[in-house]
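Each chain is listed here by its residues.
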Amino acid sequence: MNKRYQIQIIAEISILVAIAVVFDAIAGLFSPFKYGGSISPAMLPIFIIAYRRGVKNGLIAGLAFGIIQSLVAAGMGNFWFLSIPQYLLDYIVPFVLLGFAGLFNQALTKRSHFILGMSIGSLLRYLSHGFAGIVFWKDYAPEGMNYWFYSFIAYNLPYMAASFAFCLLVGLILFERDILKTNLNVQS
Amino acid sequence: MKNIVIGQFVPGSGFFYKLDPRTKIVSIVFLMVALFLLENITQLLIAFSVSVVLLIIGRLSIIRIIKGLKPIFILLIFTFLFQILFNQEGTLLVNQSMSLSYSSIASIVAITVLWRYLAHFKRFNFLLLLAWIAGIYLILSYFHYGPTFAPFSFKVYEKGVEMSIFVVIRLLIIITLSTVLTITTKPTDLTQGLEKLLRPMKVIGMNSEDFALIISISLRYIPTILDEANKIMLAQASRGADFSEGKLKDKVKQVISLLVPMFIIAFKRSEDLADAMESRNFIPGKPRTRIYELKFNFSDLMTSLFTAACFALSIVLKVI
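Keep in mind the model is a prediction, meaning the values are calculated, not measured.

**Focus: the overall build of chain A**
Argument step 1. Counting its secondary structure elements, chain A contains five helices and zero strands.
Argument step 2. N-terminal to C-terminal, the α/β element order of chain A is α-α-α-α-α.
Argument step 3. In chain A, which comprises 188 residues, the share counted as buried stands at 57%.
Argument step 4. Here the analysis covers contacts within chain A between residues at least 6 apart in sequence; of these, 72% occur between residues at least 24 apart.
Argument step 5. Carbon and sulfur atoms make up 66% of the accessible area of chain A, which totals about 7500 Å².

Given below as structure tokens:
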């Protein structure tokens, strides 16, 4: 049955990553921010993978999401590319880090773990975006504004906080209705 | 709802379309590294003309590449201005004294309003932006009636001009190269190429084949799921949900009425997919067969040689 379990994981990651991409695209259409960053529930499917299938699969899902999402961004003409390290730190690493939400392995049964995992994942993503801002985009801070302040507070905090709150809200609804345990048969 | 465009692939039949995706990915990584080794404008201009020649050889439309540059345009202009304004080395080229006055403030406001108004027509946006910058320059330098205050001088140094051109050309080449890759390679081919290139990662426990499979399935299901989201939105709309209006609280409620069913369907669908894969005897981690196998042919060899030559040349130039 080990084979079945692995196939299940692959199928689940694929579908949930696709859902994350669709969420992101839908949210992007109503985005209030002009230059990148939107209030989007796209992190939620990645968190769910991490909760259901552990950190490793969460990281893989994050990586897949980062790659596809940057392809979609390129297709929609909203892609900011300066160099390969910048691409990694802006588009790949933040989403991979979301997978660390899975460190809380009882997240599907304990509400505190559920909330903590999401907080950790979001915090790591926020830090990564913030550092990308400091390393690659500090010249673009408005004049007279400290670039640490610009990157961590002015640019990255509003949409990250809003996205986190939104994911948490939807996530808790799914949690309360026990939807997240669907098909979660224990490895046998 | 608009369709999602994945990647920038445009069907065509130039030289770059026939290349193996692996060759393209590796070459572009090496060419970019080589680009960062270059140190002066002459070398960069040569690199720039080489990339234009590459576009002509590949019979890629330059207009399409320029269109791909659009999102980064503001960035380019900003970089240019930033370098010109703040780099103060080398000889002084322009020293224009400027100051503010009531008449100049009023006319700056006036031309800004005029610029934003004209921008609504969405034509000649770039020329308008240039005209706006030039207008501000002229107003600050010459247009003074009545008392002036806050005098300052606008200085441009030789090094500033040089650096701004340098940085902008380098950005242009980088974007052109990556656009060539994404325009001529299908997302599925890109994944397949990455899969083969990431194979050595197996050492650290990452299975590149499974990963590539995940990406291909995701890419395949995005349109399906988008369709489904559309259907659910219509279904909820027929029950009275309104996704575009209402207070924030109502909006959130309606979006949740979209997200929850999507998750439920997703779990169902992934179970079905797993059944389908299992019944076709898919075994994770085992090699799979493909209809189209990647082939390394003569043009790939030429491209690799060309890349190696560029890379070697830039190292030599750096050392000298």
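**Examining the overall build of chain B**
Argument step 1. Helix and strand counts for chain B come out as 12 helices and two strands.
Argument step 2. Listing the helices and strands of chain B from first to last along the sequence gives α-α-α-α-α-β-α-α-β-α-α-α-α-α.
Argument step 3. The C-alpha radius of gyration computed for chain B amounts to 27 Å, which surpasses the reference 20 Å derived for 320 residues by more than 25%, pointing to a less compact arrangement than a globule.
Argument step 4. Considering only intrachain contacts with a sequence separation of at least 6, the fraction spanning at least 24 residues in chain B is 85%.
Argument step 5. When the accessible surface of chain B is summed, it comes to about 18700 Å², and 68% of that surface belongs to carbon and sulfur atoms.

**Observations regarding the packing of aromatic side chains**
All names here are of chain A.
Argument step 1. Inspection of the entire model under this criterion finds eight aromatic pairs over all chains.
Argument step 2. The interplanar angle of 40° and the centroid separation of 5.1 Å between the aromatic rings of Tyr51 and Phe114 together place this pair among those described as tilted. Remark: Phe114 occurs in helix H4 (residues 111–136) and Tyr51 occurs in helix H2 (residues 43–75); sequence separation between them is 63 residues.
Argument step 3. For Phe114, a relative accessible area of 0% gives the class buried.

**Examining the confidence of the model for chain B**
Argument step 1. Summing up the model confidence of chain B, the mean pLDDT is 80 and the portion of residues at 70 or higher is 92%.
Argument step 2. The ipTM assigned to the predicted complex is 0.85, against a pTM of 0.74.

**Section: the nonpolar core**
Argument step 1. Counting residues in each nonpolar core, the largest one holds 107 residues, and the members touching the most others are Leu174(A), Met262(B) and Met277(B).
Argument step 2. Element by element, the count of residues in this core is highest for H2(A), at 16 residues.
Argument step 3. Apart from the residues lying within four places of it in its own chain, the contact partners of Met262(B) are Ile19(A), Val22(A), Phe23(A), Ile225(B), Ala229(B) and Ile232(B).

**Points about the pattern of salt bridges**
Argument step 1. Inspection of every chain in the model, using the stated rule, returns nine salt bridges over all chains.
Argument step 2. Residue Arg4(A) is joined to Asp275(B) by a salt bridge in which the shortest nitrogen-to-oxygen separation is 2.7 Å. Of this pair, Arg4(A) sits in helix H1 (residues 2–29) while Asp275(B) sits in helix H11 (residues 248–279), each in a different chain.
Argument step 3. What makes Asp275(B) partly exposed here is its relative accessible area of 37%.
Argument step 4. With a shortest N-O distance of 2.9 Å, Glu278(B) and Arg4(A) are connected by a salt bridge. A residue pair is termed interchain when its members come from two chains, as with Glu278(B) in helix H11 and Arg4(A) in helix H1.

**Description of the side chain of Asp20(B)**
Residue and element names in this part refer to chain B.
Argument step 1. Note that Asp20 resides in the loop between helix H1 (15–18) and helix H2 (21–37).
Argument step 2. For Asp20, a relative accessible area of 2% corresponds to the buried category.
Argument step 3. Separated by 2.7 Å, the side chains of Asp20 and Arg22 make a polar contact.
Argument step 4. Not counting residues within four places of it along the chain, the set of residues in contact with Asp20 comprises Leu294, Lys295, Phe296 and Asp300.

**Notes on the environment of Thr224(B)**
Argument step 1. Along the chain, Thr224(B) falls in helix H10 (residues 208–238).
Argument step 2. Here the alpha-carbon distance between Thr224(B) and Thr112(B), two residues 112 residues apart in the chain, equals 45 Å.

**Details of helix H6 (residues 102–119) of chain B**
All names here are of chain B.
Argument step 1. A rise of 1.5 Å per residue sets the reference length of H6, with its 18 residues, at 26 Å; its end C-alpha atoms lie 26 Å apart and thus fit the reference within 8%.
Argument step 2. Listing the buried residues of H6 in full gives Ser103, Ser104, Ser107, Ile108, Trp115 and Ala119. Projection of H6 onto a plane perpendicular to its axis shows the buried side chains occupying an angular sector of 130°, all on one side. In H6, the exposed positions that point more than 90 degrees away from the buried face belong to Tyr102, Val113 and Tyr117.
Argument step 3. Contact partners of the buried residues in H6: strand E1 (92–101) and helix H7 (125–142).

**Let's talk about the interface of chain A and chain B**
Argument step 1. The partner chain B presents 62 residues to the 59 residues of chain A that form the contact.
Argument step 2. Interface of chain A and chain B: buried area, both sides summed, is about 5300 Å²; carbon and sulfur atoms make up 82% of it.
Argument step 3. Three residues stand out in chain A for area buried against chain B, namely Arg4(A), Ile10(A) and Ile15(A), and they jointly supply 12% of the buried area on that side.
Argument step 4. Across the contact surface, chain A and chain B share three salt bridges.
Argument step 5. Summed over the shared surface of chain A and chain B, the number is five residue pairs in polar contact (both at pLDDT 80 or more).
Argument step 6. Split into classes, the residues belonging to the side of chain A that touches chain B amount to 43 nonpolar, eight polar and eight charged.

What counts, and where the lines are drawn
- Along each chain, the written sequence defines residue order, and numbers are assigned to residues from 1.
- Naming scheme: in the order in which they are written, chains are lettered from A and ligands are numbered from 1.
- Local features are withheld for residues below a pLDDT of 70 in this predicted model, meaning they are given only at 70 or higher, and side-chain atom pairs are given and counted only at 80 or more; totals for whole chains, interfaces and linings count all residues.
- Excluded from the side-chain calculation are hydrogens and water; included are all heavy atoms of the structure.
- By the criteria applied, helices consist of DSSP H or I runs no shorter than four residues and strands consist of E runs no shorter than two, each listed in order from the N terminus.
- Working definition: with a 1.4 Å probe on protein chains only, accessible area under 20% of the residue-type maximum means buried, over 50% means exposed, and in between means partly exposed.
- By definition, residues are in contact when any of their heavy atoms lie within 4.5 Å.
- Accessibility throughout is a Shrake-Rupley quantity obtained with a 1.4 Å probe, and a residue counts as covered only by protein chains that appear here.
- Put simply, the radius of gyration uses C-alpha atoms, and a globule should come to 2.2 Å times the residue count raised to 0.38.
- Stacked, tilted and edge-to-face are the three classes assigned to paired rings of Phe, Tyr and Trp, where Trp is represented by its six-membered ring and a pair needs centres within 6.5 Å; plane angles under 30 degrees give stacked, over 60 edge-to-face, the rest tilted.
- For every residue, the predictor states its confidence as a pLDDT score lying anywhere from 0 to 100.
- Working definition of a nonpolar core: buried Ala, Val, Leu, Ile, Met, Phe, Trp, Tyr and Cys residues. They are joined through side-chain atoms within 4.5 Å.
- The rule for a salt bridge is simple: a side-chain nitrogen of Lys or Arg has to be within 4 Å of a carboxyl oxygen of Asp or Glu.
- Think of a polar contact as two N or O atoms within 3.5 Å of one another; within protein, one of them needs to be a possible hydrogen donor and the other a possible acceptor, and neighboring residues in sequence only count if both atoms come from side chains.
- To estimate the expected span of a helix, count its residues, drop one, and scale the result by 1.5 Å.
- Of all possible arcs, the one meant is that of the directions from the helix axis to the C-beta atoms.
- Values labelled buried area give the accessible surface lost by two parts on being combined, using a 1.4 Å probe and summing over both.
- By the convention adopted, Pro, Cys, Tyr, Trp, Phe, Met, Ile, Leu, Val and Ala count as nonpolar, Lys, Arg, Asp and Glu as charged, and the other residues, Gly among them, as polar.

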